[in-house]
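Secondary and tertiary structure notes
If you want the building blocks of each chain, they are given just below.
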2 protein chains.
Amino acid sequence: MAHGGGGRLMHELVNRMFGAVFTNPILDRRHDAAVLPASPHRLAFTTDSYVVHPLFFPGGDLGSMAVHGTVNDLAMSGARPQYLSAGFILEEGLPMETLWRLVVSMGAAARNAGVSIVTGDTKVVDPGKGDGVYVNTTGLGVLEHALQIEPQSVAEGDAILISGDVGRHGMAVMAVREGLSFESAIESDSCPLWEPVQALITAGIAVHCLRDLTRGGLAATLNEIAEASGKRLEVQETRIPVRDDVRAACGMLGLDPTHVACEGRFVAFVPEAEVERALSLLRRTSAGSGACRLGAVAPGDRGEVILRGTLGVDRLLAMPSGQPLPRIC
Amino acid sequence: MAHGGGGRLMHELVNRMFGAVFTNPILDRRHDAAVLPASPHRLAFTTDSYVVHPLFFPGGDLGSMAVHGTVNDLAMSGARPQYLSAGFILEEGLPMETLWRLVVSMGAAARNAGVSIVTGDTKVVDPGKGDGVYVNTTGLGVLEHALQIEPQSVAEGDAILISGDVGRHGMAVMAVREGLSFESAIESDSCPLWEPVQALITAGIAVHCLRDLTRGGLAATLNEIAEASGKRLEVQETRIPVRDDVRAACGMLGLDPTHVACEGRFVAFVPEAEVERALSLLRRTSAGSGACRLGAVAPGDRGEVILRGTLGVDRLLAMPSGQPLPRIC
């Protein structure tokens, strides 16, 4: 940034950029705090900081991820995402062109996800700190139904559905970071998930639990739900959708595809009787077009995840340990 | 952090720490998104990232500031602060003891300000990045009245009140950073401001505008309000409260006290007829004990701030330019 000591110049430029890209009636009032109309519904409120490295990768970037990640946390509680705040920590020396690309990507992702970025903040830190850009987004959504969508609602006999193939986001980021080139480019699965969730809820499906497959992938997500619900989850190994190129790339790096973070996939727990209808609703949405049934909640109160193998051999699907893929999300 | 690659270990430790210190019924449910009860009121929503350096300074630290700064942005819109999210970006290698002190300070500041920290997130970045700790807090508050508290509501004839002496926060941080020692330690004025604002609102004072004196200090705040309202603000120079030690310290560093950030001071625009009652209400609160009348909104539509000097000489109080005090807030 040629603005050197002129922090104020930089701020004005940045604020003009954000104002132009994110424009909406609430943001445009330019208050320190956005004023939101009253709503008769319960609200969901969630926050996430995005420190992904590199900033750009096939199928996405830090900006679009910072929208998708937070709107998806809202969607997973059954809330319709409505508003986002955006807090930027910029490293002095960040090319304005890089920031511009990220901001434009955030704006497009927000419009696509149906949310408004209504308030924001920018801080600049010393060169060498801050790794280019960190973004925090905090989201507000409305719960327009009376369902309690949470691990504690998971019931014996529930079917476990998954919205699509796993592992693409993590492998897309890893490939850039490690300078690997696979035969075909693997693109991140990063996308907003409210559309498929809304399809289930508005059709009256008794959704018991939803969870997106971010840090720690499918294995971590299922283990967290098993632990919080105290239920025994049984998953058919052959039904876990993994694209061939993702499986091959994971093999090269010695990674288990069920441990790799996704940014546009989720599991849904619904009563067995509603499986066919739920799958058909999911498959009609773009983010759920690859939906299938993974398994079911079995009798037992050990809070564990069982992987049923092809030869009928059962094994525990363990929680990933260590941090094989840091700063993927 | 002795946890090296064990990002998960670290996260568990951190989550236990946050859970123990910030405990409240909503956070304790440990969902990705906090679910908040419906409210019949308009909401205020604001975000801020805190990158202050050093992390600890006389009278405060990054943790307490991250609470005060955001609850004060809510209070300045006339909203009662209710909920905060907290997003931490931790540099690998940060001593756990340092984090613990900041988290305990945040917890105490939140209790003192009457807000609950209901959702959070932690990311860890590489050593050398992230400067120890960055914190983002995003706040939600309720507007329990019908006032429009904003620069556009400022009217000719309004009195301009200030809640106390200026410049202490910035000088407290600068003193530590520059290794200066003044005769007496200058402590930051960082504190929550809802109590004095609430006193005005519940007493029925027709508050037109409120603004805290953060980045750029009193000079920037008044200029922003003058610009947004298009009004001519006249301030008596001798009435600007500055403590002698702060004035002396500013003198040593060649700084203007009206340019120095505060974290617990604000200006209030109220009708002239309500000045005495407003000042008496403010002075009964701890954050407003030093309240006084600075000046008034004069006829004119130039959007400027006039400083009336002791000898009757008027001059423009200019917007501070450059960034004399980076990373003070």
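Residues numbered from 1 in each chain as written. Chains lettered and ligands numbered in written order. Predicted model: local features only at pLDDT ≥ 70, side-chain atom pairs only at ≥ 80, totals over all residues. Heavy atoms only, no water.

Looking only at helices and strands, chain A features 8 helices and 14 strands. The C-alpha radius of gyration computed for chain A amounts to 21 Å, which stays within 12% of the reference 20 Å derived for 329 residues, consistent with globular compactness. Projected onto the principal axes, the alpha-carbon positions of chain A cover approximately 65 × 50 × 30 Å. In chain A, which comprises 329 residues, the proportion classed as buried is 60%. Considering only contacts within chain A whose residues lie at least 6 apart along the sequence, 86% involve residues at least 24 apart. Accessible surface computed for chain A: about 12100 Å², of which carbon and sulfur atoms make up 51%. (Helix = DSSP H or I, 4+ residues; strand = E, 2+ residues; numbered from the N terminus. Rg over C-alpha atoms; globule rule 2.2 N^0.38 Å. Buried < 20%, exposed > 50% of the residue type's maximum accessible area, 1.4 Å probe, protein only. Contact = heavy atoms within 4.5 Å. Areas by Shrake-Rupley, 256 points an atom, 1.4 Å probe, with all protein chains shown as cover.)

Turning next to the domain arrangement of chain A. Residue and element names in this part refer to chain A. Taken domain by domain, chain A holds domain 1 (2–143) and domain 2 (151–316). Computed from C-alpha coordinates alone, the two centres of domain 1 and domain 2 are separated by 28 Å. At the interface, 21 residues of domain 1 touch 20 residues of domain 2. The interface formed by domain 1 and domain 2 includes 0 salt bridges. Every element with two or more residues in the side of domain 1 that touches domain 2 is listed here: strand S3 (56–57), helix H2 (62–76), strand S5 (80–91) and helix H3 (96–113). (Domains from an automatic or database assignment. Salt bridge = Lys/Arg side-chain N within 4 Å of Asp/Glu carboxyl O.)

This part takes up the sheet that holds strand S13 (residues 304–308) of chain A. Residue and element names in this part refer to chain A. Reading across from one edge, S9-S11-S8-S12-S10-S13-S14 is the order of the 7 strands in this open sheet, with mixed pairing throughout. The sheet is open, and its two edges are formed by strand S9 (209–212) and strand S14 (314–316), each paired on a single side. In this sheet, neighbouring strand axes are inclined to one another by 25° on average, regardless of whether the strands run parallel or antiparallel. Running over the sheet, H2 touches S9 and strand S11 (266–271) and is turned about 165° from S9. (Pairing = 2+ DSSP bridges. Axes fitted to C-alpha atoms, helices over the stretch in contact; angles between N-to-C directions.)

The next thing to look at is the side chain of Asp61(A). All names here are of chain A. Turning to its location among the elements, Asp61 is positioned in strand S4 (residues 60–61). Although Asp61 is buried, it forms no salt bridge, and the closest oppositely charged side chain is Arg101 at an N-O distance of 6.4 Å. A distance of 2.8 Å separates a polar atom in the side chain of Asp61 from the backbone nitrogen of Gly63. Reaching out from Asp61, the side chain makes a polar contact with the backbone nitrogen of Ser64 at a distance of 2.8 Å. If near-sequence neighbours (up to four positions away) are discounted, Asp61 is found in contact with Leu55, Phe56, Leu102 and Ser105. (Lys, Arg positive; Asp, Glu negative; His and termini not counted. Polar contact = N/O pair within 3.5 Å; in protein donor to acceptor, adjacent residues only side chain to side chain.)

All names here are of chain A. Where helix H4 (residues 168–178) meets helix H7 (residues 244–253), the closest approach of the two axes is 10 Å, and the angle between their N-to-C directions is 55°. Of the possible angle classes, the one that applies to H4 and H7 is oblique. Once H4 is placed against H7, the crossing between them reads as left-handed. Seen from H4, the contacting residues are Arg168, Met171 and Met174; seen from H7, they are Val246, Ala249, Cys250 and Leu253. When the residues that make up the contact of H4 with H7 are grouped by side-chain class, the tally is 6 nonpolar, no polar and 1 charged. (Parallel < 35°, antiparallel > 145°, perpendicular 65-115°, else oblique. Left-handed = near helix turned anticlockwise from the far one by under 90°. Nonpolar A, V, L, I, M, F, W, Y, C, P; charged D, E, K, R; others polar.)

Two numbers describe a pair of packed helices, the interaxial angle and the distance between the axes. All names here are of chain B. At a minimum axis separation of 9 Å, helix H5 (residues 194–202) and helix H8 (residues 275–283) run at an interaxial angle of 145°. Considering the relative orientation of H5 and H8, their crossing is right-handed. Here Pro196, Ala199 and Leu200 of H5 come into contact with H8, specifically with Ala278, Leu281 and Leu282. By residue class, the composition of the contact of H5 with H8 is 6 nonpolar, no polar and no charged.

Here we take up the relation of the copies chain A and chain B. Note: a rotation about an axis with an accompanying shift along it relates these two copies of the chain. By a simple turn and slide, chain A fits onto chain B: the slide is 0.0 Å along the axis, the RMSD is 0.0 Å, and the turn is 180°. The operation mapping one copy onto its partner corresponds to a two-fold rotation axis. Mapped onto chain B, 100% of the interface residues of chain A are again interface residues, and the two copies thus contact each other with one and the same surface. (Least-squares fit on C-alpha atoms with pLDDT ≥ 70 in both.)

This part is about the interface of chain A and chain B. Listed per partner, the contact involves 65 residues of chain A and 65 residues of chain B. Across the chain A/chain B interface, buried area totals approximately 5100 Å², and carbon plus sulfur atoms make up 54% of it. The interface formed by chain A and chain B holds 4 salt bridges in total. Along the contact surface separating chain A from chain B lie 17 residue pairs in polar contact (both at pLDDT 80 or more). (Buried area = accessible area lost by both parts, 1.4 Å probe.)

Before going further, it helps to examine the pairing of strand S6 (residues 116–125) of chain B. Residue and element names in this part refer to chain B. In terms of burial, S6 is a largely internal element, 8 of the 10 residues being buried. Looking at chain direction, strand S5 (residues 80–91) and S6 are connected through 9 bridges and run parallel. Across the sheet, the residue bridging to Ser85 is Thr119, located in S6.

Taken residue by residue, a regular strand's side chains alternate between the two faces of the sheet. Counted residue by residue, S5(A) has 10 buried out of 12 residues, so it is predominantly covered. In this fold, S5(A) hands off to H3(A), which returns the chain to strand S6 (residues 116–125) of chain A; that crossover is right-handed. (Right-handed = clockwise from strand over helix to strand, strands pointing away.)

Okay, the packing of aromatic side chains next. Scanning all chains against the criterion turns up 5 aromatic pairs over all chains. Centre to centre, the rings of Phe18(A) and Phe22(A) are 5.8 Å apart; their planes meet at 10°, and the pair counts as stacked. A residue pair is termed a helical-turn pair when its members lie 3 or 4 positions apart in one helix, as Phe18(A) and Phe22(A) do in helix H1 (residues 7–22) at 4 residues. Look at Phe22(A) and you get buried, because its relative accessible area is 7%. Aromatic ring contacts, followed pair by pair, group Phe18(A), Phe22(A) and Phe88(A) into a single cluster. Its guanidinium or amino end placed over the ring of Tyr50(B), Lys123(A) lies 5.9 Å from that ring's centre, counting from NZ or CZ. (Phe/Tyr/Trp six-rings, centres within 6.5 Å; stacked < 30°, edge-to-face > 60°. Lys NZ or Arg CZ within 6 Å of the ring centre and 35° of its normal.)

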